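Residue-level listing of the chains:
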Amino acid sequence: MIEENCSSCHGAGAGTTPVLSNYTEISENADAIINALRGTPQLMPEGGPALADTLIQQFQCWMQQGKMNN
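Positions within a chain are numbered from 1, following the residues in the order the chain's sequence is written. In view of the model being predicted, local features appear only for residues whose pLDDT reaches at least 70, and side-chain atom pairs are presented and counted only at 80 or more, with totals across whole chains, interfaces and linings using the full set of residues. Just so you know, side-chain values use all the structure's heavy atoms and leave hydrogens and water out.

### Some details on the side chain of S27
The secondary structure listing takes helices from DSSP runs of H or I that are at least 4 residues long and strands from runs of E that are at least 2 residues long, numbered from the N terminus. With respect to the secondary-structure elements, S27 resides in helix α3 (residues 23–28). Per-residue accessibility, obtained with a 1.4 Å probe over protein chains only, is compared with the maximum for each type, and a residue is labelled buried under 20%, exposed over 50%, and partly exposed between these values. When its relative accessible area of 14% is taken as the criterion, S27 is described as buried. A contact between two residues is defined here by any heavy atoms of the two lying within 4.5 Å. Here S27 is in contact with W62 and K67, once residues within four sequence places are set aside.

### Focus: the packing of aromatic side chains
Two measures describe an aromatic ring pair: the distance that separates the ring centres and the angle between the ring planes. We call Phe, Tyr and Trp rings a pair once their centres come within 6.5 Å, taking the six-membered ring for Trp, and we label the pair stacked below 30 degrees between planes, edge-to-face above 60, and tilted otherwise. Taken as a whole and assessed by the stated rule, the structure comprises two aromatic pairs. Ring centres 6.4 Å apart and planes at 90° place the aromatic pair Y23 and W62 in the edge-to-face group. Separated by 39 residues along the polypeptide, Y23 in helix α3 and W62 in helix α5 (residues 53–64) bring together distant segments of the chain. Residue Y23 is classed as partly exposed on the basis of its relative accessible area of 31%. Both rings, one in F59 and one in W62, keep their centres 5.2 Å apart while their planes meet at 45°; by these two values the pair is tilted. A residue pair is termed a helical-turn pair when its members lie 3 or 4 positions apart in one helix, as F59 and W62 do in helix α5 at three residues.

### Let's talk about the packing of helix α4 (residues 30–38) against α5
Running from N to C, α4 and α5 point in directions that differ by 160°, and their axes come no closer than 10 Å. In terms of their interaxial angle, α4 and α5 are classed as roughly antiparallel. Two packed elements cross with a definite hand, and for α4 against α5 that hand is left-handed. Packed against α4, whose contacting residues are A30, D31, I33, I34, L37 and R38, the element α5 presents I56, F59, Q60, W62 and M63 at the interface. Throughout, the ten residues Ala, Val, Leu, Ile, Met, Phe, Trp, Tyr, Cys and Pro are labelled nonpolar, Asp, Glu, Lys and Arg are labelled charged, and all others, Gly among them, are labelled polar. Residues belonging to the contact of α4 with α5 are distributed by class as follows: eight nonpolar, one polar and two charged. Note on definitions: angles span 0 to 180 degrees between N-to-C directions of axes, and those axes are lines fitted to C-alpha atoms, for helices only across the stretch in contact. Each angle gets one of four labels, with under 35 degrees taken as roughly parallel, over 145 as roughly antiparallel, 65 to 115 as roughly perpendicular, and the rest as oblique. Should the near helix be turned anticlockwise from the far one by less than a right angle, the crossing is termed left-handed; should it be turned clockwise, right-handed.

### Digging into the confidence of the model for the protein chain
Any segment with low pLDDT has predicted coordinates that should not be analysed in fine detail. A residue's pLDDT is the predictor's confidence in that residue, given on a scale from 0 to 100. Put simply, the protein chain has an average pLDDT of 91, and 99% of its residues get 70 or more. When mean pLDDT is compared element by element in the protein chain, α5 scores highest at 96, while helix α2 (residues 7–10) scores lowest at 87.

### Considerations on the environment of C6
Tracing the backbone shows C6 in the loop between α1 (2–5) and α2. Sequence-wise, C6 and I33 are 27 residues apart; in three dimensions their C-alpha atoms are separated by 9.8 Å. Ignoring sequence-local partners within four residues, the contact set of C6 consists of M1, G11 and L20.

### Details of the nonpolar core
Looking at soluble globular proteins, one finds that nonpolar side chains tend to be buried together. Think of a nonpolar core as a cluster: buried Ala, Val, Leu, Ile, Met, Phe, Trp, Tyr and Cys residues, connected wherever their side-chain atoms sit within 4.5 Å. By size, the foremost hydrophobic cluster in this structure holds 13 residues, and its most contacted members are I2, I26, I33 and F59. Breaking this core down by element, the ones donating at least two residues are α4 and α5. Apart from the residues within four sequence positions on either side, F59 is in contact with M1, I2, I26, A30, I33, I34 and L37.

What follows is the structure, given as structure tokens:
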């Protein structure tokens, strides 16, 4: 999900912070990611349509289950 929807702006070498190109970076920024997916403070992905609720719920479920590296 992150690779398909976020890495064009938040990938390694993209110049945008936070970089979300590996598990550690995604895990450490999970709270900010879920907030942005919900539109707080700004809806992400920027300039695009909001992600499907099912994808947002999937990410939230991953967080609730301990952010497994799978």
